[in-house]
Each structure stands twice: as structure tokens, then as C-alpha cells.
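This is what each chain is made of:
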Amino acid sequence: MIVPATDAARLRRGRLMLIALFVLFFGSAFGAGLLRLSGWMPAGLKNHGELLQPPADLREVPLLHADGRRYDWDPAARTWRILAAPPAGCAADCVQLLAELDKVWKLFGHNADRVEVLWLGATPDGIALPPELRPLLDDPAVRAALPRADDPAGIPLYVIDPNGFVVLRYAPHADPSGLRTDVARLLKLK
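Conventions used here
- Residues numbered from 1 in each chain as written.
- Predicted model: local features only at pLDDT ≥ 70, side-chain atom pairs only at ≥ 80, totals over all residues.
- Heavy atoms only, no water.
- Helix = DSSP H or I, 4+ residues; strand = E, 2+ residues; numbered from the N terminus.
- Rg over C-alpha atoms; globule rule 2.2 N^0.38 Å.
- Buried < 20%, exposed > 50% of the residue type's maximum accessible area, 1.4 Å probe, protein only.
- Contact = heavy atoms within 4.5 Å.
- Areas by Shrake-Rupley, 256 points an atom, 1.4 Å probe, with all protein chains shown as cover.
- Pairing = 2+ DSSP bridges.
- Axes fitted to C-alpha atoms, helices over the stretch in contact; angles between N-to-C directions.
- Patch = residues over 30% accessible without salt bridge, like charges linked within 9 Å, V, L, I, M, F, W, Y side chains within 5 Å.
- Salt bridge = Lys/Arg side-chain N within 4 Å of Asp/Glu carboxyl O.
- Polar contact = N/O pair within 3.5 Å; in protein donor to acceptor, adjacent residues only side chain to side chain.
- 1 Å grid on protein atoms, 1.4 Å probe; cavity = no way out; pocket = protein on both sides within 12 Å on 5 of 7 lines; lining within 4 Å.
- Points joined across faces, edges and corners; volume = space filled by probe spheres on them.
- Nonpolar A, V, L, I, M, F, W, Y, C, P; charged D, E, K, R; others polar.
- Phe/Tyr/Trp six-rings, centres within 6.5 Å; stacked < 30°, edge-to-face > 60°.

## Side note on the overall build of the protein chain
So, point 1. Broken down by element type, the protein chain carries four helices and six strands.
So, point 2. N-terminal to C-terminal, the α/β element order of the protein chain is α-β-β-α-β-β-α-β-β-α.
So, point 3. By the compact-globule yardstick of 16 Å for 190 residues, the protein chain is too spread out, its C-alpha radius of gyration being 26 Å.
So, point 4. Its C-alpha atoms put the protein chain at 100 × 35 × 30 Å along the principal axes.
So, point 5. For the protein chain, the proportion of its 190 residues judged to be buried stands at 35%.
So, point 6. At a minimum sequence separation of 6, the contacts of the protein chain that also span at least 24 residues come to 66%.
So, point 7. With an accessible surface of roughly 11,800 Å², the protein chain has 63% of that area assigned to carbon and sulfur atoms.

In C-alpha cells, the structure reads:
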């Protein structure tokens, strides 16, 4: 049986369409798989701080408020923490960092009550401390539990989850807007 030319062209066009749909569907899935295996992520999904793998566990090290009371984690409250670990004798850098942390905390708006700012060690003299700041006694065991806390470049910052795990580290002089963005994403987690 001989197929007319118009039917042969229609059959060829149908096959090409089927191949194009196959390539479109499986080609995009293959491309996405290659991107995923290569480690690429869209810029909007990357965190600004360094993700700590594995996260440091601060639950085993007792944190103490500056007045000597024990700091309780209370995971049910779903409170995230930003921890600053300044070196002893920090002056101008500490004042600037406190101002930046206060601004970041205020930008959380209605979610600010779910974020605490912890300060490990003595606070700078002669300045008014922000109300969200929780000064903690400096403890070598706590500093030892924090990854690279003795950074010679300045004061590192850490994000601690509600359970007491240090999940993110920010290098000294990191952009505070990146810290705010990362913590705001974490606050959306239930």
C-alpha cells in the first residue's frame, strides 16, 4: 500500500513532534540533574553565612548569663539566636557591631521576638546596650565549641537554632544584610 505524500508528511511531522516533546521533557530533567550534581544553586537559594557541617552542639556546654544565671535553650519557644564572640578588650569594632546587630534585629519586625542576640564576654563600656542583647559570661569551653571563634580578622557571628546547634558562621566584617536575610528565611521554618 502506497501512502500519499500528504499522509507521509503528516506522519513525519508527528514523529518529529513526538521526538521534540521527548527531548524537551527528558532534556530539561537531564539538565537539572547535571546542575544538581555539579553543586550549582540559584543565587536566591544560597545562604550568605557558612553552613557548618556538622553543626556545633552548644547544648553540652552550659551558657551563663552575665549575672551567673544559667541560659536555657527552650526549643519549644522556637527562638533563633545570633551569637557574637568578640575578643577581650574589643572597643570600636564592638560598638559598631552592636549597632549593626541592633539594626538587624529591628528589621525582623513582628518576628523580632523570635530572635535573641547573645554576646559572649564583656560588653563595651559607656554605651547603652540594646534591649534584645543577652550578655553571657565568657567561657573558654563555649569558645572552643564555636568553629574558628578566635579569628584574627575580627569578630565572627554565629546563628544558633532553637535546639542549641550552631548552624551558620559569618566571617568578621560580613555584610549584616546577609545575616538578616538568612535568619529571616530560618524564621519562616515551622
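This is not the end of the story, as more comes after the structure.
## Structural notes on the sheet that holds strand S6 (residues 165–170)
So, point 1. Across the sheet, which stays open at both edges, the six strands sit in the order S1-S6-S5-S2-S3-S4 with mixed pairing between neighbours. The two strands at the open ends of the sheet, each matched to only one other strand, are strand S1 (50–57) and strand S4 (133–136). Put simply, the sheet's adjacent strands are angled 30 degrees from each other on average, direction ignored.
So, point 2. Bridge count between strand S5 (residues 157–160) and S6: four bridges; the pairing is antiparallel.

## With respect to a nonpolar patch on the surface
So, point 1. On the surface, Leu16, Ile19, Phe22, Val23, Phe25 and Phe26 cluster together into a nonpolar patch covering about 670 Å² of accessible area.
So, point 2. By secondary structure assignment, the location of Ile19 is in helix H1 (residues 5–38).

## Details of the side chain of Arg143
So, point 1. Structurally, Arg143 can be placed in helix H3 (residues 140–145).
So, point 2. Within the local environment of Arg143, its side chain forms a polar contact with the backbone oxygen of Leu120, the two atoms lying 3.5 Å apart.
So, point 3. In this structure Arg143 touches Ala85, Pro86, Pro87, Leu120, Asp138 and Ala149, once residues within four positions along its chain are discounted.

## Re the pattern of salt bridges
Close approach of charged atoms allows side chains with opposite charge to pair.
So, point 1. All chains considered together, the criterion is met by six salt bridges.
So, point 2. The shortest N-O distance in the salt bridge between Arg143 and Asp138 comes to 2.8 Å.
So, point 3. By sharing partners, the salt bridges in this structure join Arg81, Glu116 and Arg134 into a single network.

## Overview of the layout of surface pockets
Taking a probe equal in size to a water molecule and rolling it over the atoms shows the remaining empty space.
So, point 1. Taken as a whole, the largest pocket spans an internal volume of roughly 240 Å³.
So, point 2. Surrounding the largest pocket, 17 residues form its lining, Leu97, Glu100, Pro172, His173 and Ala174 being those nearest its centre.
So, point 3. Taken together, the elements giving at least two residues each to the lining of the largest pocket come down to helix H2 (92–107) and helix H4 (176–187).
So, point 4. Classifying every residue of the lining of the largest pocket by side-chain character gives 11 nonpolar, three polar and three charged.

## Details of the packing of aromatic side chains
So, point 1. According to the stated counting rule, one finds three aromatic pairs in the structure shown.
So, point 2. Taking the centre distance of 4.7 Å and the plane angle of 50 degrees together, the rings of Phe22 and Phe26 count as tilted. Taken together, the residues Phe22 and Phe26, both in helix H1 and four residues apart, mark about one turn of the helix.
So, point 3. On the basis of relative accessible area, Phe22 is assigned to the exposed category, the value being 52%.
So, point 4. Where Phe25 meets Phe26, the ring centres are 4.8 Å apart and the plane angle is 85 degrees; that geometry is what we call edge-to-face.
So, point 5. Residue Phe25 is classed as exposed on the basis of its relative accessible area, which comes to 55%.
So, point 6. Classification of Phe26 as partly exposed rests on a relative accessible area of 45%.

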